[in-house]
Amino acid sequence: MMIIALLAVFPAFALDLPAMDLKLGRLAIGSLGAKIEDPVEIGFHDVPNDARMRMYWRIFGPGWQKSEINYQLDQVRSAGIGGLMAYFMYPFSVDNPASGAINQRFLSPEFLDTFAFAAQAAHQRGLRFGVNGGTGWPYGGANVSIENSAHKLHEVQVRLGSAPPKLGANDRLVAAFAGNRLLDLHSQTGFPVENALKLYVESPTRQQVKRASYGAEGFVVDHFSKPALEDWLSSTVKPVIDAGGGLLDGLGCDSLEVYSSNWARDLPEQFKRRRGYDLLPNLPLAFGDTSSQGDAVRFDYWRTLMELTEERFTEPLAAWSKKHNVALEMEAYGTPPNPMTAFRNITIPTGEHYEWAGFAIQKFVASAAHMAKRNIIGCEAWTWAGLPNRLADTLSDIKLVSDMEFLCGSNDLTGVDYPYSPRSAGQPGWQPYYGPTMNENNPQWEAFPGLVQYINRCQWMLRQGNPTVSVAVYLPVEDALSHGGMDQMQLDFLIRDHFVTGKATSEFGLQNSLVHRSALLQGLFTNGLDYDGIDLWALQKMARQQGSHLVAGTSSYAAVVLPNMTSIDRASAEKLKRFVIQGGLVVAVRQIPHLAAGKCTASQQAAFDHTLEEIFGRTPVPGTVKALGKGHGVLIKLDEEVGPMLADLVPRQISFDRIPNSVGFVQRRLTDRDIFFLANVKAEPVTLNVRFPSSSRSVELWDAESGKITQLAPNIGGGFTLKLSGRGSAFLVVRAVSHAPIGATSPIHRVVWSPNWKVSFEGPDHPSVMEVNKLESWTQWPGGRHFSGIGVYEADLDWSGEKNRAVLAFARVCNSATVWVNGKLAGYVYNFPNEIEVSPFLKRGVNHIKIRVGNLLVNRFIGLPDDDLAALRAKYGARFQRPEEKQLMKEPAPSGLIGKVYLVTD
């Protein structure tokens, strides 16, 4: 009876939490008597290991050794990281017995023995441990025969009177045309020369696995062949899984980059069965006709191959992983692409990219995960943040990229990269050709636990309850497949760039992601609406009508947006009509789709035209809503008009007054509360006035950097004022009753603190001790120009103890710092506004302040002579490009504390 009574008073017990081993904590005395501690708050302050971020452990060679494995795993654990995903790649060094770096052949007995040791060592330290399948990417390697490798179909033109080309031993003639006439290859003894010929030839792509380890070189496996995949898994992945001894928790599959793979051996038969007509007579249309007839065949062609990718690669890979008791962590995009329905097979759908104000690939993955009811949404985090400079990423940059990935729906980051580098290699050590990287060779590693703690708290909060979205944005897959060409189908980028406003950017880079935007999609955020992307397969197979909403997995959509599409699948159009009749809203942007995707008859096209006419009207007027049944259809002329119009017709999730384009949000819903994550991506601070659908509810600010929880007081207008620093973020927890204290006002008294600083240095080739009272970049000091390491700033602060709060504020920190007061760690400084509260650590009288500042690794790198790669490349080939930093940076980056230091009190 006691438990029942407590449940009635404290609805926190009914939280819709993911299945986790949570201890509810002790009883405490609250305003209503006995109070049960909040399990969400418990996890926020002490994040369980399975909710903590991981790192990719790139093991080069593999030239690893057991003593270094133990050392590196201790480093990882001490940083607060939850685990590692082992990823084997190209050799970085020739064998060096003196240093202990010996490259082990992949799958050799010594390699498998070392892997077993690493799995056991990780387990002993409580670290989760997974492995990426094979080495490098995409799947493939030494055990893939030419027959089991990826294949392509290509068109060969034969000039009039010329002899046909000779086919290679592994080529196969699929079809030949004389003019427009398909030749019967079984009866022809030769090729007629009276007309020009078109030949369609199947050939191996001969693509090699990219960045393969020693002994793992070979062809990429055929992703359209289930037997080829299973043979490769058995020969290449199973020995590694077995060596793990049941201690592995995940099998990774990197993005699908099977270039020029556009052919399955039985594609003509599969095409006929699924599409209802013969492929071979229509090959010239697919390869060369840009009319609607060619578009129709191309759509049907790629649609068939996408279905085969799901059925013959993703599904059997998932089944194999389940059989071997490892969770499949798959980046199920790239070429060949997967339908969204494929994500139902993946334990942890995983993405990358962070163009949060456009349609990033991570958003595609999160959308599919929502519909597949996958609460844990992975991310290959931070890839090429500093493109093309791999060694100049700051912790502030990495935090910002992390926030963007959270805005794209991720809640399980695996950071790029923790590179295996033996201590004998020194600094900068073994570094991949991309960035960023974090290990003890990076001077920012000392403050990295602060960022890890922030990310862990974010991940914990973003796993609570269910994601909340209001709008489904129909992905223009039909247009992309129809117009995307025949060589290969990079659907993810075609869809991303369909939404872009202005010029599309390249795929990676923080600076690119800050300018890449979609007026349509960003307009949803700024009007308080979040969205999922949905493709034709997901709409037809995963979404169901529930009242006036479309429900798919954990998502419920009040509206569907058709973004400037010329074609749409007939079955999708019919389902959208039924959605409108039951009370839904369908919005066409710029134009109404006028073509039924794929090959269809005149009567089918006429029926399609009638369906669209029922939804939008015979002659729709932009901005005029047309009724159909209980719902509506409307044509909107401009991308910028979609968000405001939807906000008038669909309940907002959150409301803002004059929200800038630099702020995005994510919402999670539990039975007793809503959790909102908000992030500001620009360097300047912003002040927001936010409102929620129920104005009577309390709003708490949960700061993932400090761990503090405070209550926001409503302002005069009934909203809540939220201040976000530059590159700042916050969680707002909205519920009926709050027991958190009202947030303290910011300190207001600001004085310059200018002691005489003693500055010493730690790291290779470090400068001598300095005593200064003017703080400038240590690159200006003797011996400091190319120093990468730790600068230790020490001074004494006389404290009267009369003030309640004291904050140290720094004009500039290059690039991260740990702050120590009287021998105790006060915290980390790595992001705007470069402040840290020190009050809890101060005593009346003299206090010793020590600030340990780490700069960028790139400074040392550009000051060293170029590595001699001749011996390495002579033995293993040129498996990675030479670094570019020396061409990119002619001067080292500013380092240390620069400018004034302030003591700020209330």
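Just so it is clear, the model here is predicted, and its values are computed rather than measured.

## A look at the overall build of the protein
On a plain count of helices and strands, the protein comes out with 22 helices and 48 strands. In terms of overall size, the protein behaves like a compact globule, its C-alpha atoms giving a radius of gyration of 30 Å where 906 residues would be expected to give roughly 29 Å. Dimensions of the protein, computed from C-alpha atoms along their principal axes, come out at roughly 100 × 75 × 55 Å. Relative to its 906 residues, the protein shows a buried fraction of 60%. In the protein, once contacts between residues fewer than 6 apart in sequence are set aside, the share between residues at least 24 apart is 78%. A total accessible area of about 34,400 Å² is found for the protein, and carbon and sulfur atoms account for 51% of it.

## Things to note about the packing of helix α17 (residues 570-581) against helix α18 (residues 602-616)
Put simply, α17 and α18 touch, their axes get as near as 10 Å, and they point 30° apart. Between α17 and α18, the angle falls in the class roughly parallel. As α17 packs across α18, the resulting crossing turns out to be left-handed. Contacts between α17 and α18 involve R570, A573, E574, L576, K577 and V580 on the former and, on the latter, Q604, F608, T611, L612, E614 and I615. Each residue belonging to the contact of α17 with α18 can be placed in one class, and the counts come to 6 nonpolar, 2 polar and 4 charged.

## Re the sheet that holds strand β24 (residues 555-557)
Pairing is antiparallel across the open sheet formed by 3 strands, whose spatial order is β22-β23-β24. On the outer flanks of this sheet lie β22 (544-546) and β24, each paired with one strand and no other. Pairs of neighbouring strands in the sheet enclose a mean axial angle of 35°, with direction left out of account.

## Considering the packing of aromatic side chains
By the definition in use, this model includes 50 aromatic pairs. Ring centres 5.6 Å apart and planes at 55° place the aromatic pair F60 and F92 in the tilted group. Note that F60 is positioned in strand β3 (residues 54-60) and F92 in the loop between β4 (83-89) and α4 (109-124), a separation of 32 residues in sequence. F60 gets classed as buried once you look at its relative accessible area, which sits at 0%. The interplanar angle of 55° and the centroid separation of 6.4 Å between the aromatic rings of F692 and F720 together place this pair among those described as tilted. A residue pair is termed long-range when its members are at least 10 positions apart, and F692 in the loop between β34 (686-691) and β35 (698-702) and F720 in strand β37 (residues 720-724) qualify at 28 residues. Of the two residues, F692 and F720, both sit in the buried class. In this structure, K363 is placed above the aromatic ring of Y531, and the distance from its NZ or CZ to the ring centre is 4.4 Å.

## Things to note about the sheet that holds strand β42 (residues 790-799)
Strand-to-strand pairing in sheets goes through backbone hydrogen bonds, with the strands running parallel or antiparallel. Strand order across the open sheet formed by 6 strands is β41-β40-β42-β47-β44-β45, with antiparallel pairing between neighbours. The two strands at the open ends of the sheet, each matched to only one other strand, are β41 (770-772) and β45 (824-829). Across the sheet, the axes of successive neighbouring strands diverge by a mean angle of 25°, strand direction being ignored. The pairing of strand β44 (residues 816-821) with strand β47 (residues 845-854) spans 6 bridges and is classified as antiparallel. Bridge assignment links V821 to a residue of β47, and that residue is I849.

## Quick word on the pattern of salt bridges
This model, assessed by the stated rule, comprises 46 salt bridges. Because the salt bridges share partners, they merge into one network encompassing R274, R275, R303, E307, E311 and D569.

## Describing the packing of helix α15 (residues 519-526) against helix α19 (residues 642-649)
Interhelical geometry of α15 versus α19 gives an angle of 40° and a closest axis separation of 7 Å. It follows that α15 is oblique to α19 by the angle criterion. Here the hand of the crossing between α15 and α19 comes out right-handed. Across the interface between the two elements, L520, G523 and L524 of α15 pack against V642, G643 and L646 of α19. The class makeup of the residues in the contact of α15 with α19 is 4 nonpolar, 2 polar and no charged.

## Let's talk about the pairing of strand β12 (residues 250-253)
Across the two faces of β12 the burial is the same, with G250 and G252 and L251 and C253 all buried. Note that strand β5 (residues 128-132) and β12 share 3 bridges and pair parallel. Within the sheet, the bridge partner assigned to G130 lies in β12 and is G250. When β12 meets strand β14 (residues 327-330), the two strands line up parallel, connected through 4 bridges. Bridge pairing links C253 to M330 in β14.

## Observations concerning the environment of N103
Structurally, N103 can be placed in the loop between β4 and α4. Along the sequence, N103 and G61 sit 42 residues apart, while their C-alpha atoms lie 5.1 Å from each other. Apart from residues lying up to four places away in sequence, N103 is in contact with F60, G61, P62, G63, P91, S93, V94, D95, Y214 and Y876. Within the structure, N103 has its side chain in polar contact with the side chain of Y876 (distance 3.2 Å).

## Quick word on unusual backbone geometry
Along the chain, G61 connects to P62 via a cis peptide bond; the corresponding omega equals 0°. Turning to its location among the elements, P62 is positioned in the loop between β3 and α3 (66-78). The omega torsion across V416 and D417 is 15°, close enough to zero to call that bond cis. When you line up the elements, D417 lands in strand β18 (residues 412-419).

## As for the nonpolar core
Soluble globular proteins: nonpolar side chains tend toward being buried together. Within the largest apolar cluster, 234 residues are counted, with the highest numbers of intra-cluster contacts made by W57, Y301, L646 and L678. Considering every element that reaches this core, the biggest residue donor is helix α8 (residues 292-323), with 11 residues. If near-sequence neighbours (up to four positions away) are discounted, Y301 is found in contact with L153, N262, W263, L267, F271, L279, L283 and M486. If you look at the next biggest cluster of nonpolar residues, it comprises 31 residues, including W757, W799, V813 and L842.

## Brief notes about the pairing of strand β48 (residues 896-905)
Among the 10 residues that make up β48, 8 are buried, leaving the element largely enclosed by the rest of the structure. Here strand β39 (residues 749-752) pairs with β48 via 4 bridges, running antiparallel. Note on β48: the bridge partner recorded for V752 is Y902. Looking at chain direction, strand β43 (residues 806-814) and β48 are connected through 8 bridges and run antiparallel. Of the residues in β48, the one forming a bridge with R812 is I898.

Reading guide: rules and limits
- Residues numbered from 1 in each chain as written.
- Predicted model: local features only at pLDDT ≥ 70, side-chain atom pairs only at ≥ 80, totals over all residues.
- Heavy atoms only, no water.
- Helix = DSSP H or I, 4+ residues; strand = E, 2+ residues; numbered from the N terminus.
- Rg over C-alpha atoms; globule rule 2.2 N^0.38 Å.
- Buried < 20%, exposed > 50% of the residue type's maximum accessible area, 1.4 Å probe, protein only.
- Contact = heavy atoms within 4.5 Å.
- Areas by Shrake-Rupley, 256 points an atom, 1.4 Å probe, with all protein chains shown as cover.
- Axes fitted to C-alpha atoms, helices over the stretch in contact; angles between N-to-C directions.
- Parallel < 35°, antiparallel > 145°, perpendicular 65-115°, else oblique.
- Left-handed = near helix turned anticlockwise from the far one by under 90°.
- Nonpolar A, V, L, I, M, F, W, Y, C, P; charged D, E, K, R; others polar.
- Pairing = 2+ DSSP bridges.
- Phe/Tyr/Trp six-rings, centres within 6.5 Å; stacked < 30°, edge-to-face > 60°.
- Lys NZ or Arg CZ within 6 Å of the ring centre and 35° of its normal.
- Salt bridge = Lys/Arg side-chain N within 4 Å of Asp/Glu carboxyl O.
- Polar contact = N/O pair within 3.5 Å; in protein donor to acceptor, adjacent residues only side chain to side chain.
- Core = buried A, V, L, I, M, F, W, Y, C linked by side-chain atoms within 4.5 Å.

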